[in-house]
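# Structural characterization, general
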Amino acid sequence: MSLHTSAVERLCLRNIPLSSFSTYSIGGAANYVALPETAEDLAALYQDCKKRGLPWYTFGMGSNILFPDQPDPEMVFVSLKRFTELKTKGDKWFVSAGTPMSLLSLMGLSGGTDLLDFTFLLPGCLGAGIYMNAKYNHRQICDIIDTVYYIDLSSRAMSVQSIPSAECDFAYKQSIFQHHPWIIVGADLNIPVHSEEQIQYVSNLAPAWKERGNHPSSLPQFFSFFLGEVHALAGKGIPTPESMLDIIKYRTGKRHFDYPSCGSVFKNNYDYGVATGSLVDQLNLKGTEHGGAIISPHHGNMILNQNQAKASDIVHLMEVITEAIHRKFGFVPEPEIVLV
């Protein structure tokens, strides 16, 4: 390929269905889909898009996104699913933005710590997890972050900059990154390196994730991969802690991986004090269908792609839930899912 080939030409695939990049398995064909693997490629891509006047949309594993049925033909969709790296950096771990959060739980398990157990089976990548301060039960991503690295899209140089966790304005589903044109490229964790054996295991994690052909946006394959790794570690004498077994029991019990979905559709309203899923249950909306979509019979805050659903089907059921909650409980639930 010519040295003068532009970043858009070099990194973009053409006419690619976005449904293959979303755990919802929803989304029409995009004219441009880029798969950068380094911060340098990412910066070059943004600079080329700016030069050409092309808008872009950056995402990770597509686990919290509803892509449109008819994407903007000028939009460059930037997937970070190949931007996956875990490595030691002094006495800490550096993890790139496209790394699945669930890989962190395996890193912790191999290092003899339960501080990362809460990331097990979280179906998103670290960059998105930091952006929205992802949580499970009482634990949040901000609990394990030391320093975040990002590209400031308003900067001409688009060089990588850093910010300490204490300055990231982390709160419930909130961070400073939601208020600035910054793209997260990675982070140092405040989790110490444990041993050479852990380093060796972790160094093989990202390649194993890619080599097994597990598409990050397929929930069944995602579940199969991580369950297999836990079993493999158990076979090496590293038992699965009760906290991770509880996560497996909860997510399989709620049928999280049976159908394409994006997990919880709405945030919980902590001022009201009752989880959104419970409110949907009280309204007897579970099992409501529209087109190919259905409000999960097992979890009121999940809308499933039951049978080749369109984005419009999901949006319709979101509106049904929103209107019913507003009418009965007096507030409008805030979407957690991102509507592109």
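The structure under discussion appears in the preceding block.
Residues numbered from 1 in each chain as written. Predicted model: local features only at pLDDT ≥ 70, side-chain atom pairs only at ≥ 80, totals over all residues. Heavy atoms only, no water.

### Digging into helix α2 (residues 39–52)
Along its 14 residues, α2 runs 20 Å from first to last C-alpha, staying within 8% of the 20 Å computed at 1.5 Å per residue. Every buried residue of α2 is accounted for by Ala39, Asp41, Leu42, Ala43, Leu45, Tyr46, Asp48 and Cys49. In the stretch just after α2, glycine 53 is the one whose phi turns positive, near 75°. (Helix = DSSP H or I, 4+ residues; strand = E, 2+ residues; numbered from the N terminus. Expected span 1.5 Å × (residues − 1). Buried < 20%, exposed > 50% of the residue type's maximum accessible area, 1.4 Å probe, protein only.)

### Examining the sheet that holds strand β4 (residues 32–34)
If you trace the 4 strands from one edge of the open sheet to the other, you get β1-β4-β7-β5, paired in mixed fashion. Each of the sheet's edge strands pairs with one partner strand only, and the pair in question is β1 (12–13) and β5 (56–59). Note that β5 and strand β7 (residues 76–79) share 4 bridges and pair parallel. From the neighbouring strand, phenylalanine 59 faces β7, where its bridge partner is serine 79. (Pairing = 2+ DSSP bridges.)

### Brief notes about the sheet that holds strand β12 (residues 145–152)
On the basis of which strands lie adjacent, the open sheet formed by 5 strands has the order β8-β9-β14-β12-β13 and antiparallel pairing. Both edges of this open sheet fall to β8 (86–89) and β13 (160–164), since each of them pairs with a single strand only. Shown here is a sheet whose adjacent strand axes are inclined to one another by a mean of 30°, direction ignored. Helix α5 (residues 196–203) rests against β8, β9 (92–96) and β14 (182–192) of the sheet, and its axis sits at about 5° to β9. (Axes fitted to C-alpha atoms, helices over the stretch in contact; angles between N-to-C directions. Contact = heavy atoms within 4.5 Å.)

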